[in-house]
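Results of the structural survey
Chain residues, written in single-letter form:
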Amino acid sequence: MILEIKNLKFKYPSSLRLVLDIPQFSLAKGEKVFLYGPSGCGKTTFLETLAGVIVPDEGEIEVAGTQMNRLSVTERDTFRANHVGYIFQSFNLIPYLSVLENITLPLYLSSQKRKQVSQAEELEETKKLCSKLGLTYLLEKKVTELSVGQQQRVAAARAVIGRPELIFADEPTSSLDYDHREKFINLLFDVCKQYQISVLFVSHDKTLQKLFDRAVSLPEINKASMMFQELDEASTT
Amino acid sequence: MILFKLAIKSLRNRKVSSVLTIFSIAISVFLLLSVERIKRAAEEGFTHSVSQVDLLVGARTGPLNLILYTVFNMGSASNNISWESYQEIKSKPEIAWTIPYSLGDGHKGFRIVATDENFYEHYRYRSDKKVEFQQGVPALDIWDVVIGSEVEKKLNYKLGDKIVIAHGVTKGDGIQMHDDKPFKVTGILKPTGTALDQSLYISLYGMEAIHIDWQSGAAPTKDKALSPEKIAKENIKFGPITSFFLRTKSRIETLRLQREINNFEAEPLLAIIPGVTLSELWRGLSQIAMGLKVISLMVMIVGLASMVSNILSSLNERRREMSILRSIGAGPSQITVLLVFESTLLTFVGVVLGATLQTSSFFLLKKWIENQFGFFIVGEVFTFTEWSYLLVVLICGSLAGLIPAIRASRLALKDGLTIRV
């Protein structure tokens, strides 16, 4: 398992109610999982917990064989840089760097990723990734000159470079139109498959779930949101 | 290394705001250094009004009074030194030279200093500056007069012009004029930025000559007046003088000689060391010095505040950028290094620019300021004070980067993962 969660419990210090209460959740190596749920069901909090931004009150989070909650803040930073890639909804790129510089940036910030791709191989590797993602001729361009779709693909290339074990994607397609969404996800999967990278894809857009190995509804695995679900169901019937 | 590259690329990306920040830092550094430099120049110009003189001797009075009326033409002498006493002291073997000053008359608000050739030869101000001429020669003959640069500027006299001296006044217009005995301008002094500029210089002969036919302190009646042509150097007998500067052959003699003069048998005299008294006087005028200090301090505070706020706001705009870096794997310490490096770089460039601007503009404008305002930019370009100011500015600028750095490392990751636009 690349990601393993047991008995995860979290509530904000100011409130009494639990936001997250997830008995079990896991992700196998190379597996692509679609996590969906309506807004306000704790998706963001869940992702923040996985990323180590929020420390859970109870439970265990294991990423690539390491217990996240046993690491210090600095260790968690280093660990995240070494083993995890991120793709966000938008504004992912450093505006004053070229496409090439944006993609290779993680290699300079993580020793583990640098081990995977040496400085000599850097250009070769980036070119390979870019040809897969349809960015071949854009390498030297400023990212601000690219379309939103191209920008999102640059972000994807940056997330997978250095072969992290796991990628968290938080609504990465919401600024793309429908055709581009599918295309983007397929391209992302292509590169992930090659490097055996697991993907946890979070979205509220259920139409995308058919592209994934598995789809999980957050409200279903999160006991803390049951109450809301019941409320929702009561209101629709 | 990647952090420095990022910082520089980022600064270049925000060219306008970076340049503005640098510029505002440079301006405040410029102001700070200028105020400091002017303050120092004012102090040195004042305390070095007369130099290379060991003692100033006058009739017994207070040291401040003596220096005020001799050097700055403020107040007046209460008594004189007899010519005999002057000669006796002058002829002492340990004395190298003396410059006699005979004061009391004036011309249109400027004072007349009667002196001798030693004044042109030995008088020094601002440690080693000599009295120099724009035009003409020293006033050594009876009816010669040399004018200071301010006098020339105010009254527009040229060489050869005739001047009438007013009796008994050194300020304002006189009542009694020595109009029967006009003087001829033979020289115009270069500006010195000291009280020298505000005086006219005649010879001791001249001073005696205009009073030669006076009787018991009153002007002669027409029939008893001597015409200038009839007066020759040979038949002039010197009377008392107001004060004199003296230089010893060996500095070690100074204190002994000072004591000796202060205990002079024939008449009560006072000898002071001008440098010491001038410094005391400047300290006495500490209000001015304090005022300048307060101004330079305020300039510094305002400059630093605008610099810090500039750096802060430019860094605040980049919260998003920090989040991205954070999510890619830059740790809080790396973010801190990045931002502090950036603010240090901006401040450093600003400080260097400001300092260069200040030194070069003062260098270029020096002559103009001297001629226009009679204000002399003197002294060291950079003293310990300047260096410490620059250091403080640099440290504050660097620390300014810490504030957003701390905020960025606390917030950035959460921002990066959750900000929705």
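Reading the values: rules and limits
- Residues numbered from 1 in each chain as written.
- Chains lettered and ligands numbered in written order.
- Predicted model: local features only at pLDDT ≥ 70, side-chain atom pairs only at ≥ 80, totals over all residues.
- Heavy atoms only, no water.
- Helix = DSSP H or I, 4+ residues; strand = E, 2+ residues; numbered from the N terminus.
- Rg over C-alpha atoms; globule rule 2.2 N^0.38 Å.
- Buried < 20%, exposed > 50% of the residue type's maximum accessible area, 1.4 Å probe, protein only.
- Contact = heavy atoms within 4.5 Å.
- Areas by Shrake-Rupley, 256 points an atom, 1.4 Å probe, with all protein chains shown as cover.
- Lys, Arg positive; Asp, Glu negative; His and termini not counted.
- Charge placed at Lys NZ, Arg CZ, Asp CG, Glu CD.
- Pairing = 2+ DSSP bridges.
- Axes fitted to C-alpha atoms, helices over the stretch in contact; angles between N-to-C directions.
- Phe/Tyr/Trp six-rings, centres within 6.5 Å; stacked < 30°, edge-to-face > 60°.
- Lys NZ or Arg CZ within 6 Å of the ring centre and 35° of its normal.
- Domains from an automatic or database assignment.
- Buried area = accessible area lost by both parts, 1.4 Å probe.
- Salt bridge = Lys/Arg side-chain N within 4 Å of Asp/Glu carboxyl O.
- Polar contact = N/O pair within 3.5 Å; in protein donor to acceptor, adjacent residues only side chain to side chain.
- Nonpolar A, V, L, I, M, F, W, Y, C, P; charged D, E, K, R; others polar.
- 1 Å grid on protein atoms, 1.4 Å probe; cavity = no way out; pocket = protein on both sides within 12 Å on 5 of 7 lines; lining within 4 Å.
- Points joined across faces, edges and corners; volume = space filled by probe spheres on them.

**Remarks on the overall build of chain A**
- When you go through chain A residue by residue, the secondary structure sums to 9 helices and 9 strands.
- A compact globule built from 237 residues should have a C-alpha radius of gyration of about 18 Å, and chain A, at 18 Å, falls within 12% of that.
- Out of the 237 residues in chain A, the part that is buried amounts to 56%.
- In chain A, the proportion of contacts linking residues at least 24 apart, taken out of those at least 6 apart, comes to 74%.
- Total accessible area on chain A stands at roughly 10,500 Å², and carbon and sulfur atoms take up 51% of it.
- Looking at charge distribution, chain A has the averaged site of its 28 positive side-chain charges lying 3 Å from that of its 30 negative ones.

**Quick notes on the sheet that holds strand 5 (residues 66-67) of chain A**
Residues and elements named next belong to chain A.
- Here we have 4 strands laid out as an open sheet, ordered 2-1-4-5, and antiparallel in their pairing. The sheet terminates laterally at strand 2 (20-27) and strand 5, the two strands that pair on one side only.
- Pairing between strand 1 (residues 3-10) and strand 4 (residues 58-63): 5 bridges, direction antiparallel. Within strand 4, the residue paired with Ile 5 across the bridge is Ile 61.
- Packed onto the sheet, helix 1 (residues 43-51) meets strand 1, strand 2 and strand 4 and runs at close to 120 degrees relative to strand 1.

**Description of the packing of aromatic side chains**
- Applying the stated criterion to the full structure yields 22 aromatic pairs over all chains.
- Measuring from centroid to centroid gives 6.0 Å for Phe 34 of chain A and Phe 201 of chain A, while their planes differ by 25 degrees, and the two rings are stacked. Linking Phe 34 of chain A in strand 3 (residues 32-36) with Phe 201 of chain A in strand 8 (residues 198-203), this pair joins segments that are 167 residues apart in sequence.
- A relative accessible area of 0% places Phe 34 of chain A in the buried class.
- Assessed through its relative accessible area of 0%, Phe 201 of chain A is described here as buried.
- With 5.0 Å between their ring centres and 85 degrees between their planes, Phe 189 of chain A and Phe 212 of chain A make a pair best called edge-to-face. In this pair, Phe 189 of chain A is assigned in helix 7 (residues 178-195) and Phe 212 of chain A in the loop between strand 8 and strand 9 (214-217), connecting sequence segments 23 residues apart. With respect to burial, Phe 189 of chain A and Phe 212 of chain A carry one shared label: buried.
- Cluster of aromatic residues (ring-pair linked, three or more members): Tyr 101, Phe 119, Tyr 120, Tyr 123, Phe 133, Tyr 201 and Phe 245 of chain B.
- Geometry around Phe 189 of chain A places Lys 32 of chain A over its ring, the cationic atom sitting 5.6 Å from the centre.
- Positioned over the ring face of Tyr 108 of chain A is Arg 114 of chain A, at 4.7 Å from the centre of the ring.

**Examining the domain arrangement of chain B**
Residue and element names in this part refer to chain B.
- Entries for chain B in the domain assignment read domain 1 (2-46 + 286-416) and domain 2 (49-284).
- A C-alpha centroid distance of 51 Å is found between domain 1 and domain 2.
- On the domain 2 side, the residues contacting the 11 residues of domain 1 number 13 residues.
- Here domain 1 and domain 2 share an interface that buries about 1,200 Å² over both sides, 60% of which is from carbon and sulfur atoms.
- Sorting the residues of domain 1 by area buried against domain 2 places Phe 46, Ser 286 and Phe 376 first, and these three jointly supply 50% of that buried surface.

**A few points about the sheet that holds strand 7 (residues 166-170) of chain A**
Residue and element names in this part refer to chain A.
- Reading across the sheet, the 5 strands line up as 6-7-8-3-9 and stay open at both edges, with parallel pairing between neighbours. Bordering the open sheet on either side are strand 6 (84-87) and strand 9, each of which pairs with just one other strand. Strand-to-strand twist in this sheet, taken as the mean axis angle between neighbours without regard to direction, amounts to 20 degrees.
- Contacts between helix 6 (residues 148-160) and the sheet are confined to strand 6 and strand 7, with strand 6 contributing the most and set at about 170 degrees to the helix.

**Quick word on the interface of chain B and chain A**
- Taken together, the contact pairs 26 residues of chain B with 25 residues of chain A.
- Summed over both partners, the interface of chain B with chain A comes to about 2,500 Å²; 64% of that surface belongs to carbon and sulfur atoms.
- Applying the counting criterion to the chain B and chain A interface returns 2 salt bridges.
- The interface formed by chain B and chain A includes 2 residue pairs in polar contact (both at pLDDT 80 or more).
- Within the residue set of the side of chain B that touches chain A, elements represented by two or more residues are helix 1 (2-13), helix 11 (319-328), helix 12 (332-373) and helix 14 (402-418) of chain B.
- Among the elements that take part in the side of chain B that touches chain A, helix 11 of chain B stands out by supplying 7 residues, more than any other.
- Partitioning the side of chain B that touches chain A into residue classes produces 10 nonpolar, 8 polar and 8 charged.

**Some thoughts on the layout of surface pockets**
All names here are of chain B.
- Approximately 560 Å³ is the volume attributed to the largest pocket.
- Forming the walls of the largest pocket are 26 residues, and the residues nearest its centre are Asn 80, Ser 102, Leu 103, Gly 104 and Thr 242.
- Those elements that place two or more of their residues in the lining of the largest pocket are strand 4 (110-115) and helix 7 (204-210).
- Tallied by class, residues from the lining of the largest pocket come to 8 nonpolar, 13 polar and 5 charged.
- Approximately 390 Å³ is the volume found for the second largest pocket.
- Phe 72, Gly 193, Thr 194, Ala 195 and Gln 198 are, among the 22 residues lining the second largest pocket, the residues nearest its centre.
- Looking at which element gives the most residues to the lining of the second largest pocket, the answer is helix 2 (residues 15-47), with 4 residues.

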